[in-house]
Number of protein chains: 2
Amino acid sequence: MDVLFLFRIREHQEDMLRSEFPEVNFLFDRKTDDPAVETSEVIVTYGTDVDENVLVRAKNLKWIMVASAGMEQMPLGRIAEMGIRVTNVRGIHKTPMAETMLAHILSYRKKLKDVYEQQERSEWNQKIRGTELLGSKAMILGPGAIGGEVGRLLQAFGVRTYGCNRSGRQAEYMDEMVSFGGLAEALPEMDTVISVLPSTSETKGLLSREHFGAMKESALFLNFGRGDLYEEKVLIEALESGRPAAAVLDVFETEPLPADSPLWNMENVTVSPHISSHSGKYVERALEIFMPNLRAYLEGQADKMQNRVDPERGY
Amino acid sequence: MDVLFLFRIREHQEDMLRSEFPEVNFLFDRKTDDPAVETSEVIVTYGTDVDENVLVRAKNLKWIMVASAGMEQMPLGRIAEMGIRVTNVRGIHKTPMAETMLAHILSYRKKLKDVYEQQERSEWNQKIRGTELLGSKAMILGPGAIGGEVGRLLQAFGVRTYGCNRSGRQAEYMDEMVSFGGLAEALPEMDTVISVLPSTSETKGLLSREHFGAMKESALFLNFGRGDLYEEKVLIEALESGRPAAAVLDVFETEPLPADSPLWNMENVTVSPHISSHSGKYVERALEIFMPNLRAYLEGQADKMQNRVDPERGY
């Protein structure tokens, strides 16, 4: 059986797969013009290169493993028609993203920028006054895999977590839940407001001037979801008027962030160039999801595969 | 009964004490030359001002509440002779210190200094490569109240914790233990090495050139204990030679750190001006320890008081 990788993995990872699955013929680091597209039963891809032309040639294809969380660029309708199974690596970003968000929250609370700047001036000044996470409250917009991991870590610091989703239904690692409709009412209590929401018709423009105006003067706002959660000029006005106190932004309306954006120079803004999901362990984790699935597939237990995607719904 | 405070607390805290203990005559924000020293049964102090002269005049004194963790400056022998009870606020620093250490560890791993510097240049550069805490190993020298709290938080991030104390006896929130003697052998595995050790005859100069040389090239070293854990020039040479990779220092041989110290200008060093234990909640926490103790004292149940100190041993 042929399993085709449309990207490169490390040699020791190739060796590991070959030794774990001696019955499989792995074809690594190929392009979509490779003849093996026609013979392969499984294709492993980052998801951007499997188009209609590839599908037409993939006569033996039964399963596409997408080594990314988003599926927007795949011809899902055609895949559904062809009855091809799809799995992805949902949740793979949760560790690097949650660790990075905690890094920014703690750095802000402990004023590490000030510590670094004082050191630049060789200045011994003990007047830096940090604040504590313990006993504070955090709102997490989008309490899914990533939001839940942030919630779990915040709870370890003694932070009370409030999840916010469309319906207000319970989510893991959230002490309380609110719906999108109840957000404005809950915001005045929050010390930290985090969004990891994807871009959908319901989240686009979800945060308005009124939402930012309802935040505490001491609140820290983080957006690690998508840049169209609000109009950027509304956020900028809110930050200029002092509610929220500061923002850490990993996503923007336009990326790369244009050189003339006022965000670059705002004292109370941290610009992170959409890097929070980066991790040296990405492929390793993708393989950790792929291998048990391949085992299940080979044993005829495809119903036991993890991270299955319904191609008709796209998630 | 007179209870004398040798420091100032906030008005709402004074009100809270008066309303909780109407039977007590509180005297707030006094100096040691106050006549109330002679009448007070309880003195609440930061510990630096109660000397032999005060004790001679304190004819009614039965209990000293020291609102600090260290007792080095108190005439403990005389206090022991006089049979005066002593309590302190042991553990009060654990939250601000542990949160600050996590802030520095995460900021280093996620390269936040680079993020801040890129922003200074309005530079959108996604090449910043953070590393993860999950699956890494951390050595904690001094796994007491503060070290245990760091261990607890690191464990929440999926870090394996190794405690190191004199005997190697088990300590809370440590996955494994090593003794001071076994330290050099364990260091080559550690991604993070943290000291929160106090200064004692056994910890002075504990870390040698050999210990630093045994650390990983990628290791981060943090000292939030005392600056005499090593000769500072030995640490500087170790950092110049690349083991450990970097250091975050909150304590130094000489404080304030002299203006001509090379540490100020080292790229791989963060100088924190001995502020990690600072917290806006210090007095609030001290009162949280004091109030149940005062209740127990008034009810004649002094044996139920928390954080009692044996003045003969000093801890």
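Nothing here was measured: the structure is a model prediction, and the numbers come from that model.

Rules behind the numbers
Residues numbered from 1 in each chain as written. Chains lettered and ligands numbered in written order. Predicted model: local features only at pLDDT ≥ 70, side-chain atom pairs only at ≥ 80, totals over all residues. Heavy atoms only, no water. Helix = DSSP H or I, 4+ residues; strand = E, 2+ residues; numbered from the N terminus. Contact = heavy atoms within 4.5 Å. Lys, Arg positive; Asp, Glu negative; His and termini not counted. Charge placed at Lys NZ, Arg CZ, Asp CG, Glu CD. Pairing = 2+ DSSP bridges. Axes fitted to C-alpha atoms, helices over the stretch in contact; angles between N-to-C directions. Buried area = accessible area lost by both parts, 1.4 Å probe. Salt bridge = Lys/Arg side-chain N within 4 Å of Asp/Glu carboxyl O. Expected span 1.5 Å × (residues − 1). Buried < 20%, exposed > 50% of the residue type's maximum accessible area, 1.4 Å probe, protein only. Phe/Tyr/Trp six-rings, centres within 6.5 Å; stacked < 30°, edge-to-face > 60°. Domains from an automatic or database assignment. Least-squares fit on C-alpha atoms with pLDDT ≥ 70 in both. Patch = residues over 30% accessible without salt bridge, like charges linked within 9 Å, V, L, I, M, F, W, Y side chains within 5 Å. Areas by Shrake-Rupley, 256 points an atom, 1.4 Å probe, with all protein chains shown as cover. UniProt positions renumbered as here; feature names shortened; annotations may be inferred. Parallel < 35°, antiparallel > 145°, perpendicular 65-115°, else oblique. Left-handed = near helix turned anticlockwise from the far one by under 90°. Nonpolar A, V, L, I, M, F, W, Y, C, P; charged D, E, K, R; others polar. Arc of directions from axis to C-beta.

**Let's talk about the overall build of chain A**
For chain A, the count of helices and strands is 11 helices and 13 strands. With respect to the three principal axes, the spread of C-alpha positions in chain A is 65 × 45 × 40 Å. In chain A, the share of contacts with a sequence separation of at least 24, taken over all contacts with a separation of at least 6, comes to 58%. The positive charge centre, built from 36 side chains, and the negative charge centre, built from 48, are 3 Å apart in chain A.

**Focus on the sheet that holds strand E3 (residues 42-45) of chain B**
Across a sheet, strands are paired by hydrogen bonds formed along the backbone, either parallel or antiparallel in direction. Residues and elements named next belong to chain B. Read from one edge to the other, the open sheet built from 6 strands follows the order E2-E1-E3-E4-E5-E13, with strand pairing classed as mixed. This sheet does not close on itself; its edge strands, each paired only once, are strand E2 (25-27) and strand E13 (308-309). Sheet analysis places strand E1 (residues 2-5) next to E3, joined by 3 bridges and oriented parallel. Opposite Phe5, over in E3, you have Val44 as the bridge partner. Across the face of the sheet, helix H11 (residues 282-298) comes into contact with E1, E2, E3, strand E4 (63-66) and strand E5 (85-87) while running at roughly 165° to E4.

**Focus: the interface of chain B and chain A**
Facing the 50 residues of chain B at the interface are 50 residues of chain A. Across the interface of chain B and chain A, roughly 4,400 Å² is buried in total on both sides, 61% from carbon and sulfur atoms. A per-residue breakdown of the area chain B buries against chain A is headed by Glu99, Gln119 and Trp124 of chain B, which together make up 18% of the total. With its nearest N and O atoms 3.0 Å apart, the salt bridge here joins Lys110 of chain A to Glu99 of chain B.

**So, helix H7 (residues 145-156) of chain A**
Here H7 of chain A is 12 residues long and its end C-alpha atoms lie 17 Å apart, about the 16 Å a rise of 1.5 Å per residue gives. Taken together, the buried positions of H7 of chain A are Gly147, Gly148, Glu149, Val150, Gly151, Leu153, Leu154 and Ala156 of chain A. Buried residues along H7 of chain A sit against helix H5 (94-109), strand E6 (137-141), strand E7 (160-165) and strand E9 (192-195) of chain A together with helix H7 (145-156) of chain B.

**With respect to the sheet that holds strand E10 (residues 220-223) of chain B**
All names here are of chain B. Ordered by their spatial adjacency, 7 strands build an open sheet running E8-E7-E6-E9-E10-E11-E12, and the pairing between neighbours is parallel. Every interior strand has two partners, whereas the edge strands, strand E8 (176-179) and strand E12 (269-271), have only one. When the angles between neighbouring strand axes are averaged without regard to direction, this sheet yields 15°. With 5 bridges joining them, strand E6 (residues 137-141) and strand E7 (residues 160-165) adopt parallel strand pairing. If you follow Met139 over to E7, its bridge partner there is Tyr162. The strands that H7 touches are E6, E7 and strand E9 (192-195); relative to E6, the one it contacts most, it runs at about 170°.

**Digging into the pattern of salt bridges**
Side chains that differ in charge, positive against negative, can pair when their charged atoms come close. Residue and element names in this part refer to chain A. Across all of its chains, the model carries 34 salt bridges over all chains by this definition. Notably, a salt bridge pairs Arg18 with Glu14, separated by 3.8 Å at the nearest N-O pair. Here Arg18 and its partner Glu14 are both found in helix H1 (residues 11-20), 4 residues apart, which amounts to about one turn of the helix. Since its relative accessible area comes to 40%, Arg18 is described here as partly exposed. One continuous salt-bridge network, built from bridges that share partners, spans Glu52, Arg78 and Glu81.

**Thoughts on the packing of aromatic side chains**
Scanning the entire structure with this criterion turns up 30 aromatic pairs over all chains. With centroids separated by 5.6 Å and ring planes inclined at 70°, the aromatic side chains of Trp124 of chain A and Phe252 of chain B adopt a geometry described as edge-to-face. Of this pair, Trp124 of chain A sits in the loop between helix H6 (112-120) and E6 while Phe252 of chain B sits in the loop between strand E11 (246-249) and E12, each in a different chain. Look at Phe252 of chain B and you get buried, because its relative accessible area is 3%. A ring pair is formed by Trp63 of chain B and Tyr297 of chain B, whose centres lie 5.3 Å apart and whose planes are at 35°; its orientation type is tilted. Taken together, the residues Trp63 of chain B in strand E4 and Tyr297 of chain B in helix H11 connect sequence positions 234 residues apart.

**Details of the domain arrangement of chain A**
Splitting chain A by domain gives domain 1 (2-92 + 280-309) and domain 2 (94-271). Averaged C-alpha coordinates put domain 1 of chain A and domain 2 of chain A at centres separated by 35 Å.

**Brief notes about the relation of the copies chain B and chain A**
Superposition of chain B onto chain A requires a rotation of 180° combined with a translation of 0.1 Å along the rotation axis, giving an RMSD of 0.2 Å. Taken together, the rotation angle and the small translation identify this as a two-fold axis. Residue Ala103 of chain B of chain B places its C-alpha closer to the rotation axis than any other residue of that unit, at 3.0 Å. When you check the interface residues of chain B against chain A, 100% turn up at the interface there too, and the contact is symmetric in its surfaces.

**Points about a negative patch on the surface**
Residues Asp114, Glu117, Glu120 and Glu267 of chain A together with Asp114, Glu117, Glu120 and Glu267 of chain B make up a contiguous surface patch of negative charge. Where the negative patch is concerned, the elements lending two or more residues are H6 of chain A together with helix H6 (112-120) of chain B. Within the secondary structure layout, Glu120 of chain B lies in helix H6.

**Some details on the UniProt feature "domain: D-isomer specific 2-hydroxyacid dehydrogenase NAD-binding" (unreviewed entry) in chain A**
Mapped onto this numbering, the UniProt entry gives "domain: D-isomer specific 2-hydroxyacid dehydrogenase NAD-binding" (unreviewed entry) at residues 102-276 of chain A. Along residues 102-276 of chain A the backbone is 27% helical and 17% strand, and the end-to-end C-alpha distance reaches 11 Å.

**What to know about the packing of helix H5 (residues 94-109) of chain B against H7 of chain B**
Residue and element names in this part refer to chain B. At a minimum axis separation of 9 Å, H5 and H7 run at an interaxial angle of 45°. Classified by the angle between their axes, H5 and H7 sit oblique to one another. Remark: the crossing between H5 and H7 carries right-handed chirality. Contact with H5, carried on its side by Lys94, Met97, Ala98, Met101, Leu102 and Ile105, involves Ala145, Ile146, Glu149, Val150, Leu153 and Leu154 of H7 and no other residues of that element. Within the contact of H5 with H7, the residues separate by chemical class into 10 nonpolar, no polar and 2 charged.

**A word on the environment of Pro273 of chain A**
If you trace the backbone, Pro273 of chain A turns up in the loop between strand E12 (269-271) and helix H11 (282-298). The spacing of Pro273 of chain A and Trp124 of chain A is 149 residues in sequence and 31 Å in space, taken between C-alpha atoms. In this view, Pro273 of chain A contacts Asp250 of chain A together with Gln118, Trp124, Asn125 and Gln126 of chain B; residues no more than four positions away in its chain are not counted.

**Some thoughts on helix H1 (residues 11-20) of chain B**
Residue and element names in this part refer to chain B. Listed as buried for H1 are Gln13, Glu14 and Leu17. With its buried residues spanning 105° around the axis, H1 presents them on a single face. In H1, those exposed residues whose orientation departs by more than 90 degrees from the buried face are Glu11, His12 and Ser19. Buried positions along H1 lie against E1, E2 and H11.

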